[in-house]
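# Descriptive analysis of the structure
The lines below spell out each chain.
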Amino acid sequence: MNKKYIVRLTDEERAVCEATVKNETGKSEKLRRAVVLLKADIDGPAWKDEKISEAVGCRIRTVENVRREFVLEGFEAALVRRKRTTPPTPKLLDGAAEAKVIALRLGRPPAGYGHWTLRLLAEQLVELEVVDSISPETVWQTLKKRNDQAENRILGHPT
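Now for a quick tour of the structure. Numbering of residues starts from 1 in each chain and follows the order in which that chain's sequence is written. Note on the predicted model: pLDDT of at least 70 is required for a residue's local features to be given, and 80 or more for side-chain atom pairs to be given and counted; whole-chain, interface and lining totals, by contrast, use all residues. Side-chain figures throughout are based on the complete set of non-hydrogen atoms in the structure, without hydrogens or water.

Moving on: the packing of helix α1 (residues 11–23) against helix α2 (residues 29–40). The convention used is that axes are lines fitted to C-alpha atoms, helices contributing only their stretch in contact, and that angles between N-to-C directions extend from 0 to 180 degrees. Comment: elements are numbered from the N terminus, with helices defined as DSSP H or I runs of at least four residues and strands as E runs of at least two. Here α1 crosses α2 at 135 degrees, and the two axes come no closer than 9 Å. Classified by the interaxial angle, the pair formed by α1 and α2 is oblique. Of the two elements, α1 crosses α2, and the hand of that crossing is left-handed. Listed contacts from α2 to Arg14, Cys17, Glu18, Thr20 and Val21 of α1 are Lys30, Leu31, Ala34, Val35, Leu37 and Leu38. Under the scheme applied here, ten amino acids are nonpolar (Ala, Val, Leu, Ile, Met, Phe, Trp, Tyr, Cys and Pro), four are charged (Asp, Glu, Lys and Arg), and all others, including Gly, are polar. The residue inventory of the contact of α1 with α2, partitioned by class, reads seven nonpolar, one polar and three charged. Angles are sorted into four bins: roughly parallel if under 35 degrees, roughly antiparallel if over 145, roughly perpendicular if 65 to 115, and oblique for all others. Two helices crossing with the near one rotated counterclockwise from the far one by less than a right angle form a left-handed crossing, whereas a clockwise rotation gives a right-handed crossing. Contact criterion: two residues are considered in contact whenever any of their non-hydrogen atoms come within 4.5 Å of each other.

Take a look at the structure:
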């Protein structure tokens with residue numbers, strides 16, 4: 001079967017891939033992509049996708065995607081996976097809602113409670129209609145993020 005996307009590396013690109021294979025450790029994405037490009041090179045070993053996927057430990061579709069990215073978007077795009085422009089899920093709390101979480105946390109807990117718990121904060125945010133629903137984990141992440149930023153300002157580190 002003829003391949004639609006043919007990988008033909010230049011000497012410079014081949015050198016970059018070989019250096020990546022030599023210098024990278026573990027199971028990094030960049031290492032895997034470099035090996036795929038080297039093995040798929042038509043002027044090199046020209047392995048079939050099935051053989052490459054077995055050798056690298058990935059799916060055949062991954063090999064096909066790396067080939068396609070190389071041909072359509074160029075060497076850098078194929079070697080280094082691009083970052084998402086938007087997160088897969090939108091942020092639940094905006095700046096104003098985060099401020100309410102912090103204000104609640106710093107205020108007095110409801111009657112009958114000695115201190116704020118994450119679950120209690122989450123329930124209070126829903127009760128005040130700041131959000132429709134929120135998990136205690138999200139409350140914790142918000143408080144932790146703000147605490148880390150405050151500590152960095154105090155210590156003079158950039159945020």
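The next subject is the state of the cysteines. Any covalent bond linking the sulfur atoms of two cysteines counts as a disulfide. Note on disulfides: each one is a pair of cysteine sulfur atoms within 2.5 Å. Under the definition given, this model contains zero disulfides. Note on Cys17: no disulfide assigned, nearest cysteine sulfur contributed by Cys58 at a separation of 14 Å. We classify Cys17 as buried; its relative accessible area is 0%. Burial here depends on accessible area, computed with a 1.4 Å probe over protein chains only, as a share of the maximum for the residue type. Under 20% is buried, over 50% is exposed, and the range in between is partly exposed. Its relative accessible area of 15% is what places Cys58 among the buried residues.

It is worth spelling out unusual backbone geometry at this point. Positive phi values are uncommon outside glycine, yet Ala46 reaches one of about 55 degrees. In this fold, Ala46 is placed in the loop between α2 and α3 (49–56). The backbone phi angle of Glu129 is positive, close to 60 degrees, even though this residue is not glycine. Counting through the fold element by element, Glu129 comes out in the loop between α7 (118–127) and α8 (136–155).

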